Amino acid sequence: MEKRIRYDMFPGGRTKALTLSYDDGKEQDRRLVDKLNEYGLKGTFHLNSGFLGNERYIRADEVASLFQGHEVSAHTVNHPFLDQTSADQIVRQLTADREALERLVGYPVRGMSYPFGAYNELVLSLLPAIGIEYARTVESHGKFQMPSDFLRWHPTCHHHGMVEQAEAFVSLEQRHTRMALLYVWGHSYEFDNNQNWELLDRFGEKVAGREDIWYATNAEILAYMQALQRLRFSIDSRIVHNPSAIPVWIRVDTDVVEIGAGAVVQLD
Ligand SMILES: [Zn+2]
């Protein structure tokens, strides 16, 4: 009998994941990070390195400590429309942003969100050489599917719809198991502008502390999917090697099987 191998689980055999992503690095990020920490949620913060320290922006010297446990990611140096920018300047905007942010946080910055949500074929074609592995758009789809293209990573919803989507997400029943992802994006200053910080509490109370949800940054989700794709099977699918440094979970027929980091596992 042929084994049926499926990639349909996140770490721990969970089938749901939740991530948030916030742009621009304004001072309201401080209050937002406090809220995320209170509820045990993970966020990715896309920063314009050229604006750090400006009025109403966070400071360069607080980036590493403020976003500890979350992810710092690129958003260009000074927020141009990348679809109206020369190839040379696109490369410059992103490599310089990566370099400045990496010096602050001490790890490789390999993701971004598009300023104004703007991109085109030229931008997409340049990203691999710049070392950008994922890029978030603003094209919310209102669903929980995983991205088919991480360089056009469409989120579930802007945070103004986060409570409604959280309700749908926690009550989602996965009859035919597929990975389900709730991806919320926004700007922290919008909670001030719209005086609706209470959205975060209503959201947190619905989604926090659940056994079936993996709380992850954008980069953690990408790294997990890459590790799944790197699994190496024998021809008969009875032996699998996980060459990555993180464990992954797969479904073999109906069984949930953990493949440890670096492990070779017999699937019989
Ligand atoms: Zn922005």
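Before reading further, recall that the structure is shown in the block above.
Residues numbered from 1 in each chain as written. Predicted model: local features only at pLDDT ≥ 70, side-chain atom pairs only at ≥ 80, totals over all residues. Heavy atoms only, no water.

Q: Explain the packing of helix α3 (residues 87-105) against helix α4 (residues 121-130) here, please?
A: Each packed pair of helices is defined by two parameters, the angle between the axes and the distance between the axes. Packing of α3 against α4 leaves a shortest axis separation of 10 Å and a crossing angle of 40°. One way to sum up the angle between α3 and α4 is to call them oblique. When the axes of α3 and α4 are compared, the crossing they make is right-handed. Counting all contacts with α3, which are made through Ala 87, Ile 90, Val 91, Leu 94, Thr 95 and Arg 98, the residues of α4 involved are Leu 122, Val 123, Leu 126, Leu 127 and Ile 130. Of the residues that constitute the contact of α3 with α4, the class distribution is nine nonpolar, one polar and one charged. (Axes fitted to C-alpha atoms, helices over the stretch in contact; angles between N-to-C directions. Helix = DSSP H or I, 4+ residues; strand = E, 2+ residues; numbered from the N terminus. Parallel < 35°, antiparallel > 145°, perpendicular 65-115°, else oblique. Left-handed = near helix turned anticlockwise from the far one by under 90°. Contact = heavy atoms within 4.5 Å. Nonpolar A, V, L, I, M, F, W, Y, C, P; charged D, E, K, R; others polar.)

Q: I'm lost on the pattern of salt bridges in this one. Help?
A: When their charged atoms lie close together, side chains carrying opposite charge are able to pair. Evaluated as defined, the whole model comprises 18 salt bridges. With a shortest N-O distance of 2.8 Å, Asp 201 and Lys 35 are connected by a salt bridge. Here Lys 35 lies in helix α1 (residues 29-39) and Asp 201 lies in helix α7 (residues 198-207), a separation of 166 residues in the sequence. The salt bridge partner of Arg 59 is Glu 62, with a shortest N-O separation of 3.9 Å. One network of salt bridges, with partners in common, ties together Arg 30, Arg 59, Asp 61 and Glu 62. (Salt bridge = Lys/Arg side-chain N within 4 Å of Asp/Glu carboxyl O.)

Q: Got a minute to help me understand the sheet that holds strand β11 (residues 239-241) in this structure?
A: The pairing of strands in a sheet comes from backbone hydrogen bonds and takes either a parallel or an antiparallel form. If you trace the three strands from one edge of the open sheet to the other, you get β10-β11-β14, paired in antiparallel fashion. Each of the sheet's edge strands pairs with one partner strand only, and the pair in question is β10 (232-233) and β14 (264-266). Pairing of β10 with β11 involves two bridges; the strand directions are antiparallel. Bridge pairing in β11 places Phe 233 opposite Val 240. (Pairing = 2+ DSSP bridges.)

Spatial relationships are all this shows, so hold off on functional conclusions.
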